[in-house]
Amino acid sequence: MLPQTEVSQLKEEIMRLKKERNAVIMAHYYQSPDVHEVADFVGDSLELARKAATTNADVIVLCGVHFMAESAAILCPDKTVLLAEAQAGCPMADMVTGEMVRERKKQKPDMVVVSYVNTTAEVKAESDICCTSANAVKIVQSIPEGKEILFLPDRNLGSYVMKKTGRDMMVWDGFCCVHNRIKPEEITKAKQAHPSAIVLIHPECRPEVVSMADCVASTAGIIAFARQSEAKEFIVVTEVGILYQLRKACPDKEFYLPSETLLCANMKKITAEKVKNVLETMEPKIVIQTDIYEKALQSLKKMLAVG
Ligand code: SF4
C-alpha cells in the first residue's frame, strides 16, 4: 500500500490529467478501493453501459475487464475508450467465440441468440440481443413465446433465468471461475456463523448455491437491497470488491463474505497508478473492427431499449 502523501499526490495527478483530457473514469464494483476512490462513476455492467452511452466526456477510462471497455467503445464511437490495464480479460467471455456461435446458428438459423454482456464484441455481433445479470430475466421475457433461445455463455445465469421465466433455453456451458467456485457448504457455514444475516447471492453462482439465497441479484441489485433492507447483517456472495461500496452505502450494517476465494484476479489487475498511466499515455485504446461494429451496437441497443 502507498503512503498517504503519495496517495494524495496520485489523486491530484489523476484529477489534473482528467481535466486536461476531458476524461471520465468509470469503474466496476469489483475494482479495488483505490480505484473506487478515483472513479467518477462506479457501477455494474448495465450501469456502466448506460453511463457510457450518455457521457459528454471525450475520453472514457474503463476500470474493469476487456469486454466492458469494448461495450463502451461500441456505444460511444466518437469517444476514445481506454482500458486501464490491457491484460484485464474475462475468462468467461473467452469461453465462446464468434466462430462457435456462427456454427450453432447454421444448425438452427431461426433461434434467438441472447448473449450476456460478458462476451467479446464479435460474439455480440453474432447475437440478437444482449443482457446483463440485472436484466436477463426481462430480456428473455421480451422474446416471443415459441421462439427457440440460445443463451450464452454463463450456464449458471442461464439456469437461473430458465427457472424465473419458465422458458426452456439452450444454454452454453460457460461459467465465471470466481462465482462458480462457491459451494453450498460454504454458505451453510456462513449461515451458522451469522444466523440473523440475510443471504444475497449473485446469479453467476451454481444453481445449488443460488437456491440458498434470500435474494438473488446483480451487484447493483445487491447494493440496492442492502440499502433499503431493515436487516443489519448480510452474507454477500459475489466478488469481494462490492464490500467497499456496500460499507460506504450502509455504514451501520455488517457484511460477510462466505469465502476469501471470491476474488477476480483480472479485475484486480487495475490500480490507481495504472489509471494515471493510461491518462498520460492515452493507451491502450479499444478499437472495434468496423465489420462487426454495427451488429454489436444493435445487440446492445436492443438490450438498453428493453431495460
Ligand atoms: S468476476 Fe467472473 S465474470 Fe466477472 S470479470 Fe471476473 S471472471 Fe469474468
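Per chain, residue numbering runs from 1 following the sequence as it is written. This being a predicted model, a pLDDT of at least 70 is required before a residue's local features are given, and a value of 80 or more before pairs of side-chain atoms are given or counted; all residues contribute to the totals for chains, interfaces and linings. The basis for every side-chain value is the complete set of non-hydrogen atoms in the structure, without hydrogens or water.

Enquirer: With reference to specific residues and values, describe the nonpolar core.
Expert: For the purposes of this section, nonpolar cores are sets of buried Ala, Val, Leu, Ile, Met, Phe, Trp, Tyr and Cys residues that join through side-chain atoms within 4.5 Å. Partly exposed describes any residue whose relative accessible area lies between the buried limit of under 20% and the exposed limit of over 50%, with all areas from a 1.4 Å probe on protein chains only and scaled to the type maximum. Grouped together as the largest cluster of nonpolar side chains are 108 residues, with contacts concentrated most on Val61, Cys63, Val114, Val237, Leu246 and Val275. Ranked by residues supplied to this core, first place goes to helix α4 (residues 66–75) with seven residues. Dropping the residues within four chain positions of it, valine 61 is found in contact with Val24, Ile25, Met26, Leu82, Ala84, Val275, Val278 and Leu279. Core analysis: the second largest hydrophobic core is formed by nine residues, Val96, Val113, Val123 and Leu152 among them. To qualify as a helix, a DSSP run of H or I must reach at least 4 residues; to qualify as a strand, a run of E must reach at least 2; elements of each kind are numbered from the N terminus. Whether two residues touch is decided by their heavy atoms; if any such pair falls within 4.5 Å, the residues are in contact.

Enquirer: Explain unusual backbone geometry to me, and be specific about the residues and the numbers.
Expert: For residues that are not glycine, phi is negative in most cases, and the peptide bond is trans in most cases. At the junction of leucine 152 and proline 153, the peptide bond is cis and its omega measures out at -5 degrees in the coordinates. Here proline 153 shows up in the loop between β7 (149–152) and α8 (155–165). Cis peptide bonds are those with omega within 30 degrees of zero, and the linkage from glutamate 283 to proline 284 qualifies with -5 degrees. Relative to the elements of secondary structure, proline 284 occurs in the loop between α13 (272–281) and α14 (290–306). Positive phi is not limited to glycine here, since asparagine 22 has a value of about 50 degrees. Tracing the backbone shows asparagine 22 in the loop between α1 (4–21) and β1 (23–28). Positive phi, normally seen in glycine, also occurs at methionine 282, with a value near 60 degrees. Assignment of secondary structure puts methionine 282 in the loop between α13 and α14.

Enquirer: Quick rundown of the site of the ligand? Include the residues and the values.
Expert: A single heavy atom is enough: if one lies within 4 Å of a molecule or strand, its residue is considered near that molecule or strand. Surveying the vicinity of the ligand reveals the residues Tyr30, Val65, Cys90, Pro91, Met92, Asn118, Cys176, Glu204, Cys264 and Met267. Three residue categories are used. Nonpolar comprises Ala, Val, Leu, Ile, Met, Phe, Trp, Tyr, Cys and Pro, charged comprises Asp, Glu, Lys and Arg, and polar comprises the others, including Gly. Of the residues in the shell around the ligand, the class split is eight nonpolar, one polar and one charged.

Enquirer: Report on the pattern of salt bridges, specifying residues and quantitative values.
Expert: By definition, a salt bridge exists where a carboxyl oxygen of Asp or Glu is found within 4 Å of a side-chain nitrogen of Lys or Arg. Within the structure shown, the criterion is met by 18 salt bridges. The residue arginine 206 makes a salt bridge to glutamate 208 at a minimum N-O spacing of 3.9 Å. Overall, the relative accessible area of 22% leaves arginine 206 in the partly exposed class. Take glutamate 208: its relative accessible area is 38%, and that puts it in the partly exposed class. Where salt bridges share partners, they join Glu99, Arg102, Lys105, Glu122 and Glu126 into one cluster.

The values reported here are purely geometric and, on their own, carry no functional implication.
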